[in-house]
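Geometric and topological summary
Chain by chain, the residues run as shown.
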Amino acid sequence: MPAFPQAAAVSTRDSRLRSNLRHATHTIRAKRAQAVAELADWDRLRSAGAAIKDRTLRHLDHYLVQLEESVTRAGGRVHWAADAAEANRIVTELVRATGETEVVKVKSMTTQEIGLNEALERAGIHAYETDLAELIVQLGDDLPSHILVPAIHRNRGEIRDIFRDRMANWGRPAPEGLSDRSADLAEAARLHLREKFLRAKVGVSGANFMVAETGTLVIVESEGNGRMCLTLPETLISVVGIEKVVPTWRDLEVFLQTLPRSSTAERMNPYTSMWTGTTDGDGPRFFHLVLLDNGRTDTLADQVGRQALRCIRCSACLNVCPVYERAGGHAYGSPYPGPIGAILTPQLRGLASPLEESLPYASSLCGACFEVCPVAIDIPEVLVHLRERVVEGGVVTLRGTRTVIKPARRHRAERAMMRAARWTFDHPGALRHGQRLLSRTRGLLPGRLPGPGRAWTDTRELPDVPAESFRDWWARTRGDAT
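The paragraphs below set out a description of the structure included in this document. Just so you know, these numbers come straight off a predicted model, no measurement behind them.

Within the protein, the regular secondary structure consists of 23 helices and 12 strands. For 482 residues, the compact-globule formula gives about 23 Å, and the C-alpha radius of gyration of the protein, at 26 Å, lands near that figure. Within the span of the protein, comprising 482 residues, buried residues form 49% of the whole. Within the protein, counting contacts between residues at least 6 apart in sequence, those at least 24 apart form 72% of the total. Here the protein displays about 23600 Å² of accessible surface, and carbon together with sulfur accounts for 52% of that area. Of the charged side chains in the protein, 64 are positive and 58 negative, and the gap between their average positions amounts to 5 Å.

Okay, structure coming up:
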């Protein structure tokens, strides 16, 4: 994947994409504000959610062991996956053991992170997305661009064309004469998916939360497809990041108030599904929980960056972000776009390529993301922290081992400038002489910076240099008085 600036340079020129994003994010943003305003104790709920997450992360080892014991006691089986490859291998072997070659999926962001669909396809197993937006993305051979609304970059006309052209390749074709009315598109998807729900013997899910004290998993959704995936198949395999655990049902209560309001702007989700192990004659006969690390333990070792693990995937930060609104989700090169993706992806993957190195810079640092986050993740703080890591390098944890990483090569000029600035500010005499030199030569200064600074002045004007510095002005006008 290209670095964020290169990808964003392409997406920002797509006027239809920008129109789709602007309309959708502004609509969701306004509705969320109304839903949050209904709660007089929203700030206290927000603080409680952050405190619960922080306490859980501090004692994550304890709660994960408790979760495993609870799930096992309830008739489920727990598998531990250190990385994407191990998780894909576990799920593939579990599906193969059933003898089936098809699975239906719900809440699949974590499986997108590990590339599960592609791994299953290589094993001859077809995975069918059942969320409407995920279905659109899959049929269109596309990638998600939003956490809550993965097909936010598509309008109704585009969705109609995708259904007409591609549905028949995946199962039941779209109805003849399909229009772009929302109700008609939803009905086409319902008819297409219903045969898959009734035929599937294996379901694959994620989860919004896992309750350690009982081993209960929770999914909140709006369409009912989750309820079908969780109850109809004989075998259910849930792939969940280890940070999704909460200690108790009382803790879960907080998030069932904040998540719907921050994501879909609803008081509660239309479908809240919970399952605890297996029950004879009710739901799947076999339940497997795959607990995924894939960089989360490394992230936990970072005292500043671990805030990202509080995230409950509400997408509120995306809907207020001016950078996301203009660049779209695909520019982030990850299933986690927007501000949360800009801090989560570099930590889960490490600074392994120009893409991860560029993501902490995909922000104006305006702070709107922090203001709306229901678990108070200080995203600007983490962005600045990761920028320092990119430029300066330093000690990080990679795959459980403390490692010293080198500064990114592309930031040599930036490092040199910062070191020169630090030296100058440490030597007031040099700073004073430099200011006077700039003032006396201000008529000769160019309107644009040369070399690496040229990209900065492509979209900004250099500020005018004053005729005299503040220090000189103060000495001239107030020097005698002081």
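Next comes the rest of the write-up.
For the rest of this paragraph, the subject is the packing of helix H9 (residues 156-170) against helix H10 (residues 182-199). Two quantities define a packed helix pair, namely the angle between the axes and the distance from one axis to the other. It is the contact of H9 with H10, at a shortest axis distance of 11 Å, that shows an interaxial angle of 20°. With respect to H10, the axis of H9 lies roughly parallel. Between H9 and H10 lies a crossing of left-handed hand. The segment H9 lies against H10, with Arg156, Ile159, Arg160, Phe163, Met167 and Trp170 engaging Ser182, Leu185, Ala188, Ala189, His192 and Lys196. Among the residues making up the contact of H9 with H10, the classes are represented as seven nonpolar, two polar and three charged.

What follows is about helix H19 (residues 379-392). With 14 residues, H19 extends 20 Å between its outermost C-alpha atoms, agreeing within 8% with the 20 Å of an ideal straight helix rising 1.5 Å per residue. Those residues of H19 that sit buried are Ile379, Pro380, Val382, Leu383, Leu386, Arg387, Arg389, Val390 and Val391. Among the residues trailing H19, Gly393 stands out with phi positive, at a value near 70°.

Looking now at the sheet that holds strand S8 (residues 245-246). Strand order in the open sheet made by the four strands is S8-S5-S6-S9, with mixed pairing throughout. Sheet topology places S8 and strand S9 (271-276) at the edges, where each strand pairs with a single neighbour. Note: strand S6 (residues 216-221) against S9, six bridges, orientation antiparallel. When the sheet's bridge partners are listed, Val220 is paired in S9 with Thr272.

Our focus in this paragraph is the side chain of Thr258. If you trace the backbone, Thr258 turns up in helix H12 (residues 249-263). Setting aside residues no more than four positions away along its own chain, Thr258 makes contact with Trp42, Leu45, Ile312 and Pro374.

So, about the pairing of strand S7 (residues 235-241). Within S7, seven of the seven residues are buried, which leaves the element mostly enclosed by the surrounding structure. With burial as the criterion, each face of S7 is covered, one bearing Thr235, Ile237, Val239 and Gly241 and the other bearing Leu236, Ser238 and Val240. Both strand S4 (residues 202-205) and S7 contribute to a ladder of four bridges, which runs parallel. Bridge pairing links Ser205 to Ser238 in S7.

Moving on: the pattern of salt bridges. Counted by the stated rule, this structure contains 24 salt bridges. The shortest N-O distance in the salt bridge between Glu93 and Arg89 comes to 3.5 Å. Of this pair, Glu93 and Arg89 both sit in helix H5 (residues 84-98), four residues apart, roughly one helical turn. Look at Glu93 and you get partly exposed, because its relative accessible area is 44%. In this structure, a network of salt bridges that share partners links the residues Arg16, Asp142, Arg154 and Glu158.

Definitions and cut-offs
- Along each chain, residues carry numbers from 1 onward, in the same order as the chain's sequence is written.
- It should be noted that, the model being predicted, local features are given only for residues of pLDDT at least 70 and side-chain atom pairs only at 80 or more, the latter also being counted only at that level, while totals for whole chains, interfaces and linings use all residues.
- Water and hydrogen atoms were dropped before computing side-chain values, which therefore reflect all heavy atoms in the structure.
- Elements are defined by DSSP. Helices are runs of H or I of four residues or more, strands are runs of E of two residues or more, and each kind is numbered from the N terminus.
- We take the radius of gyration over the C-alpha atoms and set the globule estimate at 2.2 Å times the residue count to the 0.38 power.
- Exposure classes here rest on a 1.4 Å probe applied to the protein chains alone. A residue is buried below 20% of its type maximum, exposed above 50%, and partly exposed in between.
- Here a residue-residue contact requires only that any non-hydrogen atoms of the pair lie within 4.5 Å.
- Surface accessibility in these figures is a Shrake-Rupley result with a 1.4 Å probe; residues are shielded only by whichever protein chains are displayed.
- We treat Lys and Arg as the positive residues and Asp and Glu as the negative residues; His and chain ends play no part in the count.
- For charged residues, the charge sits on one atom: NZ in Lys, CZ in Arg, CG in Asp, CD in Glu.
- With axes taken as lines fitted to C-alpha atoms, and helix axes fitted only over the stretch in contact, angles between N-to-C directions fall between 0 and 180 degrees.
- Working definition: roughly parallel below 35 degrees, roughly antiparallel above 145 degrees, roughly perpendicular at 65 to 115 degrees, and oblique for all remaining angles.
- It is the rotation of the near helix from the far one that decides the hand of a crossing: anticlockwise by less than a right angle makes it left-handed, clockwise makes it right-handed.
- Under the scheme applied, nonpolar residues are Ala, Val, Leu, Ile, Met, Phe, Trp, Tyr, Cys and Pro; charged residues are Asp, Glu, Lys and Arg; polar residues are all the others, including Gly.
- How far a helix is expected to stretch is found by multiplying one less than its residue total by 1.5 Å.
- Two strands qualify as a pair provided that DSSP identifies no fewer than 2 bridges between them.
- One speaks of a salt bridge when a side-chain nitrogen belonging to Lys or Arg is within 4 Å of a carboxyl oxygen belonging to Asp or Glu.

Nothing here speaks to function; it is geometry throughout.
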